[in-house]
Amino acid sequence: MNLNTASHPENIKRLSVKPVNARRNRQPLYAPRKKVFPRRTEGRFRRFKWIVMLITLGIYYLAPWIRWDRGPYAPDQAILIDLSSRRFFFFFIEIWPQEFYYVAGLLVMAGFGLFLVTSAVGRAWCGYACPQTVWVDLFLVVERAIEGDRNARMKLDAGPMSFAKLRKRVVKHSTWLLIGVVTGGAWIFYFADAPSLLVSLFTGRAPAAAYTTVAILTATTYVLGGLMREQVCTYMCPWPRIQGAMLDENSLVVTYNDWRGEQRSRHAKKAQVKGLPVGDCVDCNAC
Ligand code: SF4
């Protein structure tokens, strides 16, 4: 064996270099999650949000139970997606597959409506009507009812595990799962006669697809609305990326402008009197 070849380990020139891509030097791809503990708020916009929440959830859960008489040999459910006979019933409207372009047209109009609303009044969709917002809000109502408002929840979260904490957590997660089951259950009622499907669900005679759909929607509602919450908006939803193109400085958005908010101080008013720089965001100091 020839020890003089350049490739022999003893002939390789060693330089003092540092690995630039060592695991310890790598920056994490995602910022660590900071838990958000929203406090209960009052006011005109919050009242409006409660109303929107009641209407949207009311429509979603109750619409399949509305009856609509179409005469003999036709389903009497007002809103029904009848996959077996390939028809969509919406009160007095009946849409066949070859007429689906009406639905496509409606979806396009809804898309343009969303763009218009966003350009005119900012993130109204995200703030009030997006299903993620509505269900997170509902889950927060449950959380607040069981664990208390912001300070109590923060204290509970930071405290050690105890019987009281465990009991609250079990009750909260069970209620969230129950909401998930009801949400998944409501979805399948749009695809079959709701009263008969409800009976067959409880008697074990419903099709496997019905149970599977309820299970999947239970899991997604629980995970997205209860566990992930704002992470869905930050990492998963494409809408904020599109929305950015429709907003400008004058748009109404709930965001934090550091050029307006800093310097934050618990004693902002005193600092202001002394002529020290104080941000506009001086009233709450909770963020
Ligand atoms: S960012 Fe996406 S998921 Fe979040 S509220 Fe807006 S539309 Fe809904």
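Residues numbered from 1 in each chain as written. Predicted model: local features only at pLDDT ≥ 70, side-chain atom pairs only at ≥ 80, totals over all residues. Heavy atoms only, no water.

Visitor: Explain the overall build of the protein here, please?
Guide: On a plain count of helices and strands, the protein comes out with twelve helices and three strands. Its C-alpha radius of gyration of 27 Å places the protein more than 25% over the 19 Å reference for a compact globule of 287 residues. Along the longest, intermediate and shortest principal axes, the C-alpha atoms of the protein span 90 × 80 × 50 Å. Out of the 287 residues in the protein, the part that is buried amounts to 28%. Carbon and sulfur atoms form 66% of the exposed surface of the protein, whose accessible area is close to 20,500 Å². Computed over 38 positive and 20 negative side-chain charges, the separation of the two mean positions in the protein equals 11 Å. (Helix = DSSP H or I, 4+ residues; strand = E, 2+ residues; numbered from the N terminus. Rg over C-alpha atoms; globule rule 2.2 N^0.38 Å. Buried < 20%, exposed > 50% of the residue type's maximum accessible area, 1.4 Å probe, protein only. Areas by Shrake-Rupley, 256 points an atom, 1.4 Å probe, with all protein chains shown as cover. Lys, Arg positive; Asp, Glu negative; His and termini not counted. Charge placed at Lys NZ, Arg CZ, Asp CG, Glu CD.)

Visitor: Would you mind showing me how to read the nonpolar core here?
Guide: Note that soluble globular proteins tend to have their nonpolar side chains buried in a common cluster. Counting residues in each nonpolar core, the largest one holds 17 residues, and the members touching the most others are Leu 57, Tyr 60, Tyr 61, Trp 135, Leu 138, Phe 139 and Ile 179. Dropping the residues within four chain positions of it, Ile 179 is found in contact with Tyr 61, Trp 135, Leu 138, Phe 139 and Val 142. Among the nonpolar cores identified, the runner-up in size contains eight residues, and Phe 189, Leu 201, Ala 206 and Val 214 belong to it. (Core = buried A, V, L, I, M, F, W, Y, C linked by side-chain atoms within 4.5 Å. Contact = heavy atoms within 4.5 Å.)

Visitor: Can you walk me through the pairing of strand E1 (residues 79–82) in this structure?
Guide: Side-chain positions along a regular strand alternate between the two faces of the sheet. One ladder, built from four bridges, connects E1 with strand E2 (residues 87–90); its direction is antiparallel. Across the sheet, residue Ile 79 finds its bridge partner in E2, namely Phe 90. Linking E1 to E2, which pair antiparallel, is a turn of four residues; within it Arg 86 sits at a positive phi near 50°. (Pairing = 2+ DSSP bridges.)

Visitor: What is the right way to look at unusual backbone geometry in this model?
Guide: Backbone phi values are negative for most residues with the exception of glycine, while trans is the configuration of most peptide bonds. Even without glycine at this site, Tyr 73 takes up a positive phi of about 65°. With respect to the helices and strands, the residue Tyr 73 is situated in the loop between helix H1 (44–62) and E1. Look at Tyr 73 and you get exposed, because its relative accessible area is 88%. Positive phi, close to 50°, is recorded for Phe 91, a residue that is not glycine. Here Phe 91 lies in the loop between E2 and strand E3 (93–95).

Visitor: Sorry, what's going on with the site of the ligand here?
Guide: Taken together, Arg 123, Trp 125, Cys 126, Cys 130, Gln 132, Thr 133, Cys 233, Cys 237, Trp 239 and Pro 240 make up the full set of residues near the ligand. Broken down by secondary-structure element, the contributors of at least two residues to the shell around the ligand are helix H3 (124–129), helix H4 (131–147) and helix H10 (239–243). (Near = heavy atom within 4 Å.)

Visitor: Before we go on, may I ask you to explain a nonpolar patch on the surface in this structure?
Guide: Taken together, Leu 29, Tyr 30, Tyr 235 and Met 236 make up a surface patch of nonpolar side chains, about 510 Å² in accessible area. Checked against the element boundaries, Tyr 235 lands in helix H9 (residues 230–236). (Patch = residues over 30% accessible without salt bridge, like charges linked within 9 Å, V, L, I, M, F, W, Y side chains within 5 Å. Salt bridge = Lys/Arg side-chain N within 4 Å of Asp/Glu carboxyl O.)

Visitor: Before we go on, may I ask you to explain the side chain of Arg 229 in this structure?
Guide: Topologically, Arg 229 is positioned in the loop between helix H8 (208–228) and H9. Discounting chain neighbours no more than four positions away, the residues touching Arg 229 are Arg 33, Val 36, Gln 132, Val 136, Leu 140, Glu 143, Trp 176 and Leu 224.

Visitor: Please clarify how the packing of aromatic side chains should be interpreted in this entry.
Guide: Evaluated as defined, the whole model comprises 17 aromatic pairs. Taking 6.2 Å as the distance between ring centres and 90° as the angle between the ring planes, the aromatic pair formed by Phe 112 and Phe 115 counts as edge-to-face. Placement of both Phe 112 and Phe 115 in helix H2 (residues 101–121) is noted, with a separation of three residues, approximately one turn of the helix. The class of Phe 112 is exposed, set by a relative accessible area of 55%. Through a chain of ring-to-ring contacts, the aromatic side chains of Tyr 60, Tyr 61, Trp 135, Trp 187, Tyr 190 and Phe 191 assemble into a single cluster. A cation sits over an aromatic face here: Arg 46 above Trp 50, 3.7 Å from the ring centre. (Phe/Tyr/Trp six-rings, centres within 6.5 Å; stacked < 30°, edge-to-face > 60°. Lys NZ or Arg CZ within 6 Å of the ring centre and 35° of its normal.)

Visitor: What should I look at first to understand the pairing of E2 in this one?
Guide: Where E2 meets E3, three bridges bridge the pair, whose relative direction is antiparallel. Each bridged residue has a counterpart across the sheet, and for Phe 89 the counterpart in E3 is Glu 94. Joining the antiparallel neighbours E2 and E3 is a turn of two residues, in which Phe 91 adopts a positive phi near 50°.

All we've got here are geometric facts, nothing functional implied.
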